[in-house]
Amino acid sequence: MSDREFGGNDDLSLPKATVGKIITDILRSDPGVTFAKDTRDLLIECCVEFITLISSEANEIAEKEAKKTIACEHVKAALEELGFGEYVPAILEVAAEYKKQQANREKKQTKIEQSGMSEEELIRQQQELFRSATDKFNAAPQQ
């Protein structure tokens, strides 16, 4: 696949430090093996190309279904279409874990929730504030 097919990927990359950490973790089980920086950079280029290939195919599949958002099933179909079907079970497992983490993630509380007051109490307080502001406005000397 040429870069022109995807509009060029000169500005696309992965964080070198993160890729380096992943490589270090993998190589930790095999002491004495090192990974050259230029090899890390080549691996990053390969990963970007792979992601571009899969996302392009998934986008085509989504467009055929008249969808504007690429969903997990589009990525799954793209992997299978491109001959990477053996990755599907692992990817579906990661997707399920991600969904579970998102569901368990604490939602940010709104200011209303943070107040600890019921909706009725908040409405009553708001009405009192409006009444107080109206009284102050009406008590002010008219010019």
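Definitions and cut-offs
- Residues numbered from 1 in each chain as written.
- Predicted model: local features only at pLDDT ≥ 70, side-chain atom pairs only at ≥ 80, totals over all residues.
- Heavy atoms only, no water.
- Helix = DSSP H or I, 4+ residues; strand = E, 2+ residues; numbered from the N terminus.
- Buried < 20%, exposed > 50% of the residue type's maximum accessible area, 1.4 Å probe, protein only.
- Polar contact = N/O pair within 3.5 Å; in protein donor to acceptor, adjacent residues only side chain to side chain.
- Contact = heavy atoms within 4.5 Å.
- Phe/Tyr/Trp six-rings, centres within 6.5 Å; stacked < 30°, edge-to-face > 60°.

Next up on the list: the side chain of His-74. One can find His-74 in helix α3 (residues 72-81). Residue class for His-74 comes out buried when judged on its relative accessible area of 2%. Side-chain polar atoms of His-74 contact the backbone nitrogen of Ala-71, separated by 2.8 Å. Residues in contact with His-74, not counting those within four places in the same chain, are Ala-58, Ile-61, Ala-62, Glu-65, Lys-67 and Thr-69.

Moving on to the packing of aromatic side chains. Applying the stated criterion across every chain yields a total of three aromatic pairs. Summarising the aromatic geometry, the rings of Phe-50 and Tyr-87 are spaced 6.4 Å apart at their centres and angled 65° between planes, so their arrangement reads as edge-to-face. One end of the pair, Phe-50, is in helix α2 (residues 37-64); the other, Tyr-87, is in the loop between α3 and α4 (88-104), and 37 residues separate them in sequence. The class of Tyr-87 is partly exposed, set by a relative accessible area of 42%. Relative to Tyr-87, the ring of Phe-84 lies with its centre 6.0 Å away and its plane at 45°, an arrangement referred to as tilted. These aromatic residues form a ring-pair network of at least three members: Phe-50, Phe-84 and Tyr-87.

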